[in-house]
Amino acid sequence: MTLSDVVYVCLGLGALGAAVLPRVVSRRPLSLPMVFLAAGVLIELLPVGVPTVDPVRDRLWVEHTTEVCVIVSLMGAGLAIDRPFGWRRWSSAWRLLGITMPLTVAAVALLAWGLLDWPPAAALLLGAVLAPTDPVLAGEVRVGEPLGTERDEDEVRFSLTSEAGLNDGLAFPFVYAAIALAAAAGTGWSADWIGSWALTDLLGKCAVGLAVGGGIGWLLGWMFFRARAPELRLSEHMEGFVALGATFVSYGIAEVLHGYGFLSVFVTACVIRAAERSHGYHKVLHEFTEQIERLLTAVLLFLLGGYLVAGALSALTFMGAVLGALVLLVVRPLTGWLAQVRTVMGKKERAVVALFGIRGIGSLFYLAYALGQDSFGGLERELWAIVALTVVISVVLHGVMASPAIGYLERRREGAEISGRS
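Position numbers for residues count from 1 along each chain, tracking the sequence in the order it is written. For a predicted model such as this one, the threshold for reporting local features is a pLDDT of at least 70, and the threshold for listing and counting side-chain atom pairs is 80 or more; totals across whole chains, interfaces and linings nevertheless cover every residue. Based on all heavy atoms of the structure, the side-chain values leave hydrogens and waters out of the count.

### Digging into the overall build of the protein
Okay, step 1: Secondary structure summary: the protein contains 15 helices and zero strands in total.
Okay, step 2: We call a residue buried when its accessible area falls under 20% of the maximum for its residue type, exposed when it is over 50%, and partly exposed in between, using a 1.4 Å probe and counting protein chains only. Every one of the 422 residues in the protein was classed for burial, and the buried ones make up 52%.
Okay, step 3: A separation of at least 24 residues holds for 81% of the contacts in the protein among residues at least 6 apart in sequence.
Okay, step 4: All accessibility values rest on the Shrake-Rupley procedure with a 1.4 Å probe; residue burial counts only the protein chains present in the view. When the accessible surface of the protein is split by element, carbon and sulfur atoms take 67% of a total near 17900 Å². Elements are defined by DSSP. Helices are runs of H or I of four residues or more, strands are runs of E of two residues or more, and each kind is numbered from the N terminus. Residue contacts are defined here by distance: any two heavy atoms, one from each residue, within 4.5 Å place the two residues in contact.

### Structural notes on a nonpolar patch on the surface
Okay, step 1: On the surface, Y8, L11, W61 and V299 cluster together to form a nonpolar patch covering roughly 430 Å² of accessible area.
Okay, step 2: Along the polypeptide, L11 turns up in helix α1 (residues 3-25). The patches described consist of residues with a relative accessible area above 30% and no salt bridge, like charges being joined within 9 Å and nonpolar side chains (Val, Leu, Ile, Met, Phe, Trp, Tyr) within 5 Å. Salt bridges are defined as contacts in which a side-chain nitrogen from Lys or Arg sits within 4 Å of a carboxyl oxygen from Asp or Glu.

### A short note on the nonpolar core
Okay, step 1: Remark: nonpolar core denotes a set of buried residues (Ala, Val, Leu, Ile, Met, Phe, Trp, Tyr, Cys) joined through side-chain atoms within 4.5 Å. With 106 residues, the main nonpolar core has W118, L125, L126, V175, F224, F376 and L383 as its most contacted residues.
Okay, step 2: Not counting the four nearest positions on each side in its chain, F224 is found in contact with L232, R233, L234, S235, V242, I272, Y281 and L285.
Okay, step 3: Judged by nonpolar contacts, the second largest core, of 14 residues, contains V141, L160, I406 and L409.

### Points about the pattern of salt bridges
It is possible for side chains bearing opposite charge to pair when their charged atoms get close.
Okay, step 1: The tally for this structure, following the rule as stated, stands at ten salt bridges.
Okay, step 2: Across the salt bridge formed by R83 and E155, the nearest N and O atoms sit 3.1 Å from each other. A residue pair is termed long-range when its members are at least 10 positions apart, and R83 in the loop between α3 (59-80) and α4 (91-115) and E155 in helix α6 (residues 155-170) qualify at 72 residues.
Okay, step 3: K205 is the partner of D201 in a salt bridge, and the nearest nitrogen-oxygen pair spans 3.4 Å. Highlighted residues: D201 and K205, both in helix α8 (residues 193-225), separated by four residues, approximately one helical turn. We note that D201, like K205, is buried.

### Some thoughts on the packing of aromatic side chains
Okay, step 1: Aromatic pairing here means that ring centres of Phe, Tyr or Trp (its six-membered ring) are within 6.5 Å. Orientation follows from the plane angle: under 30 degrees is stacked, over 60 is edge-to-face, and everything else is tilted. Throughout the structure, instances matching the rule amount to 22 aromatic pairs.
Okay, step 2: Both rings, one in F85 and one in W90, keep their centres 5.4 Å apart while their planes meet at 55 degrees; by these two values the pair is tilted.
Okay, step 3: Centre to centre, the rings of F172 and Y260 are 5.4 Å apart; their planes meet at 5 degrees, and the pair counts as stacked. Of the two residues, F172 is situated in helix α7 (residues 172-185) and Y260 in the loop between α9 (242-256) and α10 (261-275); the sequence distance between them amounts to 88 residues.
Okay, step 4: Each member of the aromatic cluster is reached from another via a ring pair, and the members are F172, Y176, Y251, Y260, F262, F365, Y366 and Y369.

### A short note on the side chain of S162
Okay, step 1: Inspection of the secondary structure puts S162 in helix α6.
Okay, step 2: A residue is classified by how much of its surface remains accessible, and S162, at 0% relative accessible area, is buried.
Okay, step 3: Here a polar contact is taken to be a pair of N or O atoms separated by no more than 3.5 Å, where protein atoms must pair a possible hydrogen donor with a possible acceptor and residues adjacent in sequence count only if both atoms sit in side chains. Reaching out from S162, the side chain makes a polar contact with the backbone oxygen of F158 at a distance of 2.8 Å.
Okay, step 4: Beyond its immediate sequence surroundings of up to four residues, S162 is in contact with I81, W90, A93 and F266.

### Quick look at the packing of α9 against helix α11 (residues 281-312)
Okay, step 1: Angles here are taken between N-to-C directions and fall from 0 to 180 degrees, while the axes themselves are lines fitted to C-alpha atoms, restricted in helices to the stretch in contact. The geometry of α9 relative to α11 is characterised by a closest axis approach of 8 Å and an angle of 75 degrees between their N-to-C directions. The angle between the axes of α9 and α11 places the two elements in the roughly perpendicular class. Two secondary-structure elements touch here, α9 through V242, A243 and L244 and α11 through Y281, L285, F288 and T289. Our angle categories are set so that under 35 degrees counts as roughly parallel, over 145 as roughly antiparallel, 65 to 115 as roughly perpendicular, and the remainder as oblique.

### Structural notes on the environment of R332
Okay, step 1: Within the element layout of this structure, R332 appears in helix α12 (residues 318-339).
Okay, step 2: With a relative accessible area of 1%, R332 lands in the buried category.
Okay, step 3: A C-alpha to C-alpha distance of 9.6 Å links R332 and T133, two positions 199 residues apart in sequence.
Okay, step 4: Among residues more than four places away in sequence, those in contact with R332 are L96, T100, T133, L160, E163, V327, V353, A354, L355, F356, G357 and R359.

### With respect to the packing of α4 against α6
When two helices pack together, their arrangement is captured by the angle between the axes and the distance separating the axes.
Okay, step 1: Closest axis-to-axis distance for the α4/α6 pair is 8 Å, and the angle between their directions is 50 degrees. Judged by the angle between their axes, α4 and α6 are oblique. The two elements α4 and α6 cross, and the hand of that crossing is right-handed. Residues S92, A93, W94, L96, L97 and M101 of α4 form the contact with α6, whose participating residues are E155, F158, S159, S162, E163, L166, N167 and L170.
Okay, step 2: Ten residues, namely Ala, Val, Leu, Ile, Met, Phe, Trp, Tyr, Cys and Pro, are considered nonpolar, four, namely Asp, Glu, Lys and Arg, are considered charged, and the remaining ones, Gly among them, are considered polar. Here the contact of α4 with α6 is composed, by residue class, of eight nonpolar, four polar and two charged. Less than a right angle of anticlockwise turn of the near helix away from the far helix marks a crossing as left-handed, whereas a clockwise turn marks it as right-handed.

### Looking at the environment of L300
Okay, step 1: Within the fold, L300 resides in helix α11.
Okay, step 2: For L300 and V53, which are 247 residues apart along the polypeptide, the C-alpha to C-alpha distance reads 9.7 Å.

### Points about unusual backbone geometry
Okay, step 1: In this model, D117 sits at a positive phi of 60 degrees, which is unusual for a non-glycine residue.
Okay, step 2: Its location among the elements puts D117 in the loop between α4 and α5 (120-130).
Okay, step 3: We classify D117 as exposed; its relative accessible area is 64%.
Okay, step 4: Although it is not a glycine, R342 sits at a positive phi angle of roughly 65 degrees.
Okay, step 5: As for its position among the elements, R342 is in the loop between α12 and α13 (347-355).

### Comments concerning α12
Side chains that are three or four residues apart share a direction in an α-helix, a result of its 3.6 residues per turn.
Okay, step 1: Here α12 is 22 residues long and its end C-alpha atoms lie 30 Å apart, about the 32 Å a rise of 1.5 Å per residue gives.
Okay, step 2: Where α12 bends most, at L326, the angle is about 45 degrees.
Okay, step 3: Where α12 is concerned, the buried positions are G320, L323, G324, V327, L328, V331, R332, P333, T335, G336 and A339. By this rule, a helix spans an expected 1.5 Å times one less than how many residues it contains. Values of bend correspond, residue by residue, to the angle between axes fitted over the seven residues ending at that residue and the seven starting there.

Scope: geometric values only; no functional claims are made or implied.
This is the structure:
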């Protein structure tokens, strides 16, 4: 038996598992990410010699694989949202973006600076990396498929889905701020970078991402549903792989024009969805992206499990572990709760939104990207250890709690509806 034979077996079992497991774990205190993470740990413990991916050594591979997984997930999330765009309709998303995200970045950076005695640049990078809610691992709490029931897009699911779709792009300015701060630290702590960062990385690249996403989404929406030539009206052919074309075109053009591709992809998906809300083609596109996302997620979490056994946490200190736990158990719940004060949601709904700030593949991407720009004082291993631990805790904690929490809210809502009719 050769190494390639083992790899083929793992890939085949992973693909089959990605198809079967979502139905097996449905409505149970278990999740698909948990299963594949555990499988990666188990296979690494067996004497079969499966290759291990080291994100420091294999940084470029990790960066681009996680990048593809995130953008596919963003396309799927945008296509799934039925709610029309609007300032008031999306108020919960704006609150999470404008309040929770910057407060989380600041709180985690202060914790890293105070607890770990890290330099400001590395502390800020950790805050930026661990701030965004992940669109990939949030499947259990995301909205349902397009044209689903009202229950599939309640306020809790919508808040978490829209937040995950938008903040994975809006985390980039904070990552760039950390990179700029690290460069400034090597030249005498000059503050000259702040003006160009605010103009370019904070405002300019966001504007480009929004403009490209809106433009590509409008063009593709017209082509899919309203083009006069039947060859261009792709909605009539019901081919799901077109979703990948839309994803890569939107992302690629935004990046070529120096905008945020993550933001562009999500906006493109939302605009395509708005072009013809009641058409069944959205369901076809969404199902295809969901299948690709599942496969990529399975591979990445399997590899993360192997990396854990191979020494991912060897550089982890006690205070680093405390920080990772505080992010999920204290920082996110507090900042998420603050953002939802005076909203239409009840206390229990607000609590679920506050707690389920899932950390995952997006955090791995941002860290890999940033470490390709700067070494951050040689803290690569420590950064990867804390981020890996936080992702693992999130996978287990949120995986166990998601189905019971959402099920409880649904039963509570059904009970209120029955009481209202009686």
